Structures are given as structure tokens and as C-alpha cells.
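Geometric and topological summary
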Amino acid sequence: PLPPALNILYITDHQTDTTLFAGNSDTINSHIIVKANGSLEVLKDHTMHNDATITIESGGYMYVRGCLKQVDLTIEPEGTLELDYRGAIILKSIESLHLTAGFILTCTGYDEESDPPTGNVPNYDGWNIYAPSSFTDPTSSKLEKLDSLDIQELVKH
């Protein structure tokens, strides 16, 4: 159930964050639901409101080239998340990633001749999904990169 305080933004066609959130602060103050045949391109850096969620429904598509922080993300079967090699998602916690069997996660755009990305994405080795390492040390503010095994363990069948 979604907290009632926030609006829900339904993505039903092709949208980019540069037009969708133009003139707003970097904080996204609504839930985002990417519906079937809808697509959302995130090209800039944003922080999700603490209670906001993102859901990619079956047939929905989200592309991330920027950095989304404080994310609570659900990807339903046949929902697609594509991360550009420069793109990153920083989860609120490891428990904030909800994956259902049949979800699609891809990483694109890495050119071996160019330098690996720098800045908010340490060490390129595929998709850039991070979670606070509080599950090992609650006092730490470090981020840990999820690898394919971490992601497979989160899939609900």
C-alpha cells in the first residue's frame, strides 16, 4: 500500500525527466508507476522523497543515465530497467528492491575505449545498483554494489 500523502505519477507514454521534472527541485515528491507501453528516461540526478516508490509494471520501461537516490523500486514480470553505464540507482536499503521473476535488467553503453565512469559510480562492472551497507554495519554510511547473485536472491517467484 502506498502512503497517501504523495501523488502518483503514471507514465503511459514516452517521458524524460528533463521535461517531466523541469523547474522542480532535484527531489521527486511523487510515486512513479511506469505502465505497459510507458517509458521514462532519467538523464539527470534526482533523490526520491523518503516515502516515494517507483514501480515498473509489465511492459513498462525505465532508462537511467543519471543517478537516482533513496529509491524504493519494484520491477514486475516483463518490466524493464535499463542502466546506462553512467547511470546508477542507490536504494534506500537492500529491502527496497522488489523483483518478481521475469523482470528485465540490462546495462548498455559502455565503450571499452572510453574511460570507465567516475564520480558517484565506483568501479564499472555491469549495472550500478547500490544499497547502504547497513546490513553488515548499521553505523556505516558506505554503499555496497549489488552483484548478480545479490539480485537473484531478491527475486520473488
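Report follows, based on the coordinates. A quick note: this is a predicted structure, and the numbers were derived from the prediction, not measured. Here the residue numbering is sequential within each chain, running from 1 through the sequence in written order. Only residues with pLDDT of 70 or above have their local features reported here, since the model is predicted, and side-chain atom pairs are shown and tallied only from 80 upward, although totals for entire chains, interfaces and linings are computed over all residues. With hydrogens and water set aside, each side-chain value is computed from the structure's full complement of heavy atoms.

Considering the side chain of His-46
The helix and strand labels rest on DSSP assignments: H or I over at least four residues marks a helix, E over at least two residues marks a strand, and numbering proceeds from the N terminus. If you trace the backbone, His-46 turns up in strand 6 (residues 46-48). For His-46, a relative accessible area of 6% corresponds to the buried category. For this analysis, a polar contact is any N or O atom pair within 3.5 Å, provided that within protein one partner can donate a hydrogen and the other can accept it, and provided that sequence-adjacent residues contribute only side-chain to side-chain pairs. Within polar-contact distance, the side chain of His-46 engages the side chain of Asp-17 at 2.8 Å. The contact definition used throughout considers only heavy atoms, calling two residues in contact when any of these lie within 4.5 Å. Setting aside anything within four residues of it in sequence, one finds His-46 in contact with Asp-17, Phe-21, Asp-26, Ile-28, Cys-67, Leu-68 and Lys-69. Think of it in three bands: residues with accessible area under 20% of the maximum for their type are buried, residues over 50% are exposed, and the middle band is partly exposed, with areas taken using a 1.4 Å probe on protein chains only.

Regarding the sheet that holds strand 7 (residues 54-56)
Pairing between two strands requires that DSSP report at least two bridges joining them. Spatially, 6 strands are ordered 1-4-7-10-13-17 in an open sheet, and the strand pairing comes out parallel. Looking at strand neighbours, the two that pair on one side only are strand 1 (7-11) and strand 17 (155-156), the edges of this open sheet. For strand 13 (residues 97-100) and strand 17, the ladder comprises 2 bridges, and the chain directions are parallel. Its bridge partner being in strand 17, Leu-99 is matched across the sheet by Val-155.

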